[in-house]
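# Structural overview
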Amino acid sequence: MKWPFQHRTTAVDKAHVSFDGRDYRIDRGVFDPAVHLSGTLFATHLANQEWDGRSVVELGTGCGLLAGVLADRGASVVALDISESAVICAEANLSDTSVEVRQGDLLAPVAEARFDVIVTNPPYETRRSFRPRYSSPDFLSRLAMHWRSTADELVLAFPTDSIDVLDDVGFDLDLVARLPSSGRELGVFTAINQRVPT
Ligand SMILES: C[S@@+](CC[C@H](N)C(=O)[O-])C[C@H]1O[C@@H](n2cnc3c(N)ncnc32)[C@H](O)[C@@H]1O
């Protein structure tokens, strides 16, 4: 498969990733989806799924790449991030789309809303010494506990060599795709919200 991304750094110290003809600038301090690979791998996977007409909340949007891919395929998307730099960057990258970008912790900015799907490439480096802006040690455990009050389905990317981390925080997920890379293999995991009929 031809790698669909281009990655470049300009003289003014901004990296850029392009996908689907859309340019995403990566501001300083914002997760770079090409350098860390999980973002571009996950985006490529999501680009080949059916999204038309679905409502999606993308949790931890960074530069907005995943939200842009989903919106370009017909989803209505709210993109969330706790980081102010990420929100500013995503808003700039998605200004010509219908994506709504909001800042806040986990799903708090959409507390009253319901969506078909939560999509997330979560901060999975839990060592406190590793770039604190991307790490969030309790992100996964809080998401495992609370995601069902927001959506009918969860789609999450995570390294397959660390599946035990997902089990430990209480997720009950199915591995639906393995995305090999030159670094760690990325898994795509899903869970369906089995709501009790009222
Ligand atoms: C691995 S990056 C993924 C970025 C982007 N979705 C991608 O795939 O390129 C994780 C993102 O989650 C955000 N994040 C970390 N803790 C968070 C929290 N408690 N609530 C919301 N976002 C958070 C980080 O700021 C970061 O942008």
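First, a word on scope: everything that follows refers to the structure included in this document. In this text the structure is predicted, and so the values were computed from the model without any measurement.

Let us now look at the overall build of the chain. Broken down by element type, the chain carries five helices and 10 strands. In the chain, which comprises 198 residues, the proportion classed as buried is 37%. Put simply, of all contacts in the chain between residues at least 6 apart along the chain, 57% involve residues at least 24 apart.

If you trace the seven strands from one edge of the open sheet to the other, you get E6-E5-E4-E7-E8-E10-E9, paired in mixed fashion. At either margin of the open sheet sits one strand with a lone partner, and together these are strand E6 (100-103) and strand E9 (174-179). Ignoring which end each strand starts from, the neighbouring axes of this sheet average 20° apart. By the bridge criterion, seven bridges tie strand E8 (residues 151-159) to strand E10 (residues 186-192) in an arrangement that is antiparallel. Residue pairing for E10: Phe 158 is matched across the bridge by Gly 187. Each of strand E5 (76-81) and E6 is contacted by helix H3 (residues 84-93), which is oriented at about 170° to E6, the strand it contacts most.

This part covers the nonpolar core. Ranked by size, the top nonpolar core spans 55 residues in total, and within it Leu 66, Ala 67, Leu 70, Ala 90 and Ile 118 carry the most contacts. For Leu 70, the contacting residues outside a window of four places in its chain are Leu 46, Trp 51, Val 56, Glu 58, Ala 75, Val 77 and Val 119.

In this structure, Ala 177 sits in strand E9. Under the C-beta neighbour-count criterion, Ala 177 is labelled partly exposed, with 16 such atoms within 10 Å. Sequence spacing of Ala 177 and Gly 187 is 10 residues, and the spatial spacing of their C-alpha atoms is 5.7 Å.

Across the 10 residues of helix H1 (residues 38-47), seven count as buried, placing the element largely inside the fold. All buried positions along H1 are accounted for by Ser 38, Gly 39, Thr 40, Leu 41, Phe 42, Ala 43 and Leu 46. On its buried face, H1 sits against strand E2 (15-19), helix H2 (65-72), strand E7 (115-120), E8, E9 and E10.

Moving on: H2. Since the α-helix packs 3.6 residues into each turn, any two residues three or four apart lie on the same face. Burial within H2 is extensive, with seven of its eight residues counted as buried. Every buried residue of H2 is listed here: Leu 65, Leu 66, Ala 67, Gly 68, Val 69, Leu 70 and Ala 71. In the stretch just after H2, Gly 74 is the one whose phi turns positive, near 95°.

Two numbers describe how H1 lies on H2: the axes approach to 9 Å, and their chain directions differ by 10°. As far as their axial angle goes, H2 and H1 are roughly parallel. From H1, Gly 39, Phe 42, Ala 43, Leu 46 and Ala 47 reach across to H2, where they touch Leu 65, Leu 66, Val 69 and Leu 70. Within the contact of H1 with H2, the residues separate by chemical class into eight nonpolar, one polar and no charged.

Glancing now at unusual backbone geometry. Residue Asp 20 is not a glycine yet carries a positive backbone phi of 60°. Here Asp 20 is to be found in the loop between E2 and strand E3 (22-26). Classification of Asp 20 by C-beta neighbours within 10 Å gives exposed; the count is 12.

Here is what the cut-offs are and how they apply
Residues numbered from 1 in each chain as written. Predicted model: local features only at pLDDT ≥ 70, side-chain atom pairs only at ≥ 80, totals over all residues. Helix = DSSP H or I, 4+ residues; strand = E, 2+ residues; numbered from the N terminus. Buried ≥ 20, exposed ≤ 12 C-beta atoms within 10 Å, placed from the backbone. Contact = placed C-beta atoms within 7 Å. Pairing = 2+ DSSP bridges. Axes fitted to C-alpha atoms, helices over the stretch in contact; angles between N-to-C directions. Core = buried A, V, L, I, M, F, W, Y, C linked by C-beta atoms within 7 Å. Parallel < 35°, antiparallel > 145°, perpendicular 65-115°, else oblique. Nonpolar A, V, L, I, M, F, W, Y, C, P; charged D, E, K, R; others polar.

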